[in-house]
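Architecture and fold: a report
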Amino acid sequence: MTALPLPKPRAAEAAIDPRKHFSAATIATFDALVKQYPEARAALIPMLHVAQAEKGWLAKGTLAAVGAYLKLPPIRVYEVASFYPMFHLEPVGRHVAWVCRNISCDLRGAPQIVETFRRACGIGPGETTPDGKLTLKLAECLGACTAAPMMEVDGEYHENLDPKKVESILRELR
Ligand code: FES
């Protein structure tokens, strides 16, 4: 099956040099990623993870630089990045906590987990502590329903939570 044609980047977009925007290590990872796919643009999602790991979040300039690397218009990159909640399109704290709010977790105490963040750190969903250390986000099911309620922090799952456990995790993070 033939891939749909994509619009070409405009001149200003094509002039962006990804090598000036990203570290040499990130560019080397991009180079390795695109070799794993029949078409370079298929590497977009893993590349966004790598870009976010370097920059902390995906600013418009970063999306444009990824697009320039793949010869895609920034809007195509934005369409993908804005579809998946794990990509941060605004600055986040050094640590990002995702509290699952789906049905199993909700029934087993997710609201109390969220309330613990408010009490211990003064933040609610979508907010970052003033010292920039921690952002709280709400997630849909993270696939650990048998260990509800749960949250993911910096890629690590914390399960069978209660307010005490959450307070202890937050103390370690801050
Ligand atoms: S409902 Fe929370 S992990 Fe599935």
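I will try to describe carefully the structure that is included in this document. (Residues numbered from 1 in each chain as written. Predicted model: local features only at pLDDT ≥ 70, side-chain atom pairs only at ≥ 80, totals over all residues. Heavy atoms only, no water.)

**Details of the pairing of strand β2 (residues 134-139)**
In terms of burial, β2 is largely enclosed, as five of its six residues are buried. Here strand β1 (residues 95-100) runs beside β2; their pairing, made up of six bridges, is parallel. Within β2, the position partnered with V96 by the bridge is T135. (Buried < 20%, exposed > 50% of the residue type's maximum accessible area, 1.4 Å probe, protein only. Helix = DSSP H or I, 4+ residues; strand = E, 2+ residues; numbered from the N terminus. Pairing = 2+ DSSP bridges.)

**Quick notes on the packing of helix α3 (residues 24-34) against helix α5 (residues 60-70)**
Axis angle and axis distance: for two packed helices, these are the angle between their axes and the distance between the axes, and together they describe the pair. Two elements in contact, α3 and α5, have axes whose closest approach is 12 Å; the angle formed by their N-to-C orientations is 45 degrees. Considered as vectors, α3 and α5 are oriented oblique to each other. Of the two possible hands of crossing, α3 and α5 adopt the one that is right-handed. Residue-level contacts link I27, F30, D31 and V34 of α3 to V66, Y69 and L70 of α5. Along the lines of polarity and charge, the residues of the contact of α3 with α5 split into six nonpolar, no polar and one charged. (Axes fitted to C-alpha atoms, helices over the stretch in contact; angles between N-to-C directions. Parallel < 35°, antiparallel > 145°, perpendicular 65-115°, else oblique. Left-handed = near helix turned anticlockwise from the far one by under 90°. Contact = heavy atoms within 4.5 Å. Nonpolar A, V, L, I, M, F, W, Y, C, P; charged D, E, K, R; others polar.)

**Focus: the layout of surface pockets**
When its volume is computed, the largest pocket comes out at roughly 260 Å³. Taken together, 14 residues make up the lining of the largest pocket; nearest its centre are Q52, M86, H88, V96 and W98. Those elements that provide at least two residues to the lining of the largest pocket are α4 (44-55) and β1. It is α4 that contributes the most residues to the lining of the largest pocket, three residues altogether. Counting only domains with at least three residues in the lining of the largest pocket, you end up with domain 1 (11-83) and domain 2 (95-173). There is about 150 Å³ of room inside the second largest pocket. (1 Å grid on protein atoms, 1.4 Å probe; cavity = no way out; pocket = protein on both sides within 12 Å on 5 of 7 lines; lining within 4 Å. Points joined across faces, edges and corners; volume = space filled by probe spheres on them. Domains from an automatic or database assignment.)

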